[in-house]
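Listed below, chain by chain, are the residues.
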Amino acid sequence: YRQPCTESMAVSISQLTFEHHRDAFGIGESQPRISWRFAGNASNWEQSGYDIQIRKSGLGRDYESMYSKTSPDSVYVPWPDHPLGSSERAMVRARAHGSNGHSSTPWSDWVAVETGLLNKDDWAGAMPIAAVHDIDVNAPKRPMYFRKDFHIDKDITSARLYITALGL
């Protein structure tokens, strides 16, 4: 662990991504690789290592872990924690350490990553929605509007809609 320099930071982590998704919501990877980009104007600054912090919560428990590695890598860094399950959300942040006496970056902003439905069994009970009119497969494709009513018999505070179209 290196304490960041208290002077004005010349290098920072400007963007944290997972599998290069800007919005890592519903991704199909249980161990998404992490990448980050730098901002700043320090001359000759090179990364010598990094820290990754991960927070998870749910099912009445909170979990936090931190991982440190000596490495210049900042693209497709392997997921350091236990694999995420289907529909699991984690908050992640990173900081990088400079080489040759250069200061560390401040921690990046917290960024959310959430997996989609990863297993075939997760789709059990899915309700198919189909077009109500015939489609000419040889004609140009046009957007379609699908709608399906359903009943909820209790108070809902949060919900997710998982949808796919021909496997997409």
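Keep in mind it's a predicted model, so treat the numbers as computed, not measured. (Residues numbered from 1 in each chain as written. Predicted model: local features only at pLDDT ≥ 70, side-chain atom pairs only at ≥ 80, totals over all residues. Heavy atoms only, no water.)

## Here we look at the confidence of the model for the protein
Our working definition: Per residue, pLDDT measures the predictor's confidence, with a range of 0 to 100. A run of DSSP states H or I qualifies as a helix once it reaches four residues; a run of E qualifies as a strand once it reaches two. Both are numbered from the N-terminal end. Contacts between residues were defined by any pair of non-hydrogen atoms, one from each residue, lying within 4.5 Å.
Model confidence for the protein is summarised by a mean pLDDT of 86, while 91% of its residues fall at 70 or above. Confidence scores differ between elements of the protein, with strand β2 (residues 24-27) showing the lowest mean pLDDT of 90 and strand β6 (residues 89-98) the highest of 96. For residues 4-9, every residue scores under 50 in pLDDT, and the model assigns this stretch 9 contacts once sequence neighbours within four places are set aside.

## Concerning the pairing of β6
To keep things clear, this is the line we draw: Using a 1.4 Å probe on the protein chains alone, a residue whose accessible area is under 20% of its type maximum counts as buried, one over 50% counts as exposed, and one in between counts as partly exposed. Two strands qualify as a pair provided DSSP detects at least 2 bridges between them.
For β6, the tally of buried residues reaches 8 of 10 residues, placing the bulk of the element in the interior. Two strands pair when backbone bridges link them, and β6 and strand β7 (residues 111-115) are joined in this way by 4 bridges, in the antiparallel orientation. The residue of β7 that forms the bridge with Ala-90 is Val-113.

## As for the side chain of Gln-53
The test is simple: Pairs of N or O atoms are called polar contacts if they sit within 3.5 Å, as long as, within protein, a hydrogen donor faces a hydrogen acceptor (for residues adjacent in sequence, only side-chain-to-side-chain pairs).
The topology assignment puts Gln-53 in strand β4 (residues 47-58). Reaching out from Gln-53, the side chain makes a polar contact with the side chain of Glu-64 at a distance of 2.6 Å. Side-chain polar atoms of Gln-53 contact the side chain of Arg-93, separated by 2.7 Å.

## What about the nonpolar core?
Selection criterion: By nonpolar core is meant a set of buried Ala, Val, Leu, Ile, Met, Phe, Trp, Tyr and Cys residues that side-chain atoms within 4.5 Å join together.
Core analysis: the biggest nonpolar cluster contains 21 residues, and Phe-18, Ile-34, Trp-36, Ile-52, Trp-79, Val-92 and Val-113 have the highest contact counts within it. Where this core is concerned, the elements lending two or more residues are β1 (11-18), β2, β3 (34-40), β4, β6 and β7. If near-sequence neighbours (up to four positions away) are discounted, Trp-36 is found in contact with Ile-13, Gln-15, Leu-16, Gln-47, Tyr-50, Ile-52, Asp-73, Ser-74, Val-77, Ala-94 and Ala-96.

## Section: the sheet that holds β2
Two strands in a sheet stick together by hydrogen bonds in their backbones, pointing the same way (parallel) or opposite ways (antiparallel). Defined as follows: Think of each axis as a best-fit line through the C-alpha atoms, taken over the contacting stretch in the case of a helix, with angles from 0 to 180 degrees between the N-to-C directions.
In spatial order, the strands read β2-β7-β6-β4-β5; together these 5 strands make up an open sheet with mixed pairing. Each edge of the open sheet carries a strand with a single partner, namely β2 and β5 (61-69). Going across the sheet, the axis of each strand differs from the next one's by a mean of 20°, ignoring polarity.

## Points about the packing of aromatic side chains
Test applied: In summary, the pairing rule links any two rings of Phe, Tyr or Trp, Trp by its six-membered ring, whose centres are within 6.5 Å, and it sorts them by plane angle into stacked for under 30 degrees, edge-to-face for over 60 and tilted for everything else.
Applying the stated rule across the entire model yields 2 aromatic pairs. When the centroid spacing of 5.1 Å and the interplanar angle of 70° are considered together, the rings of Trp-36 and Tyr-50 count as edge-to-face. Of the two residues, Trp-36 is situated in strand β3 and Tyr-50 in strand β4; the sequence distance between them amounts to 14 residues. Each member of the pair, Trp-36 together with Tyr-50, is buried.

## Comments concerning the pattern of salt bridges
We count it as follows: A side-chain nitrogen of Lys or Arg and a carboxyl oxygen of Asp or Glu constitute a salt bridge if their distance falls within 4 Å.
The tally for this structure, following the rule as stated, stands at 6 salt bridges. In this structure, Arg-33 and Glu-19 form a salt bridge, with 2.8 Å as the shortest nitrogen-oxygen distance. On the criterion of sequence distance, the pair formed by Arg-33 in the loop between β2 and β3 and Glu-19 in the loop between β1 and β2 is long-range, its members being 14 residues apart. On the accessibility criterion, Arg-33 (33% relative accessible area) is partly exposed. Assessed through its relative accessible area of 16%, Glu-19 is described here as buried. Its salt-bridge partner being Arg-160, residue Glu-114 comes within 2.8 Å of it at the nearest N-O pair. Separated by 46 residues along the polypeptide, Glu-114 in strand β7 and Arg-160 in the segment after β7 bring together distant segments of the chain. What makes Glu-114 buried here is its relative accessible area of 4%. Residue Arg-160 is classed as partly exposed on the basis of its relative accessible area, which comes to 41%. Through salt bridges with shared partners, one network takes in Arg-89, Glu-114 and Arg-160.

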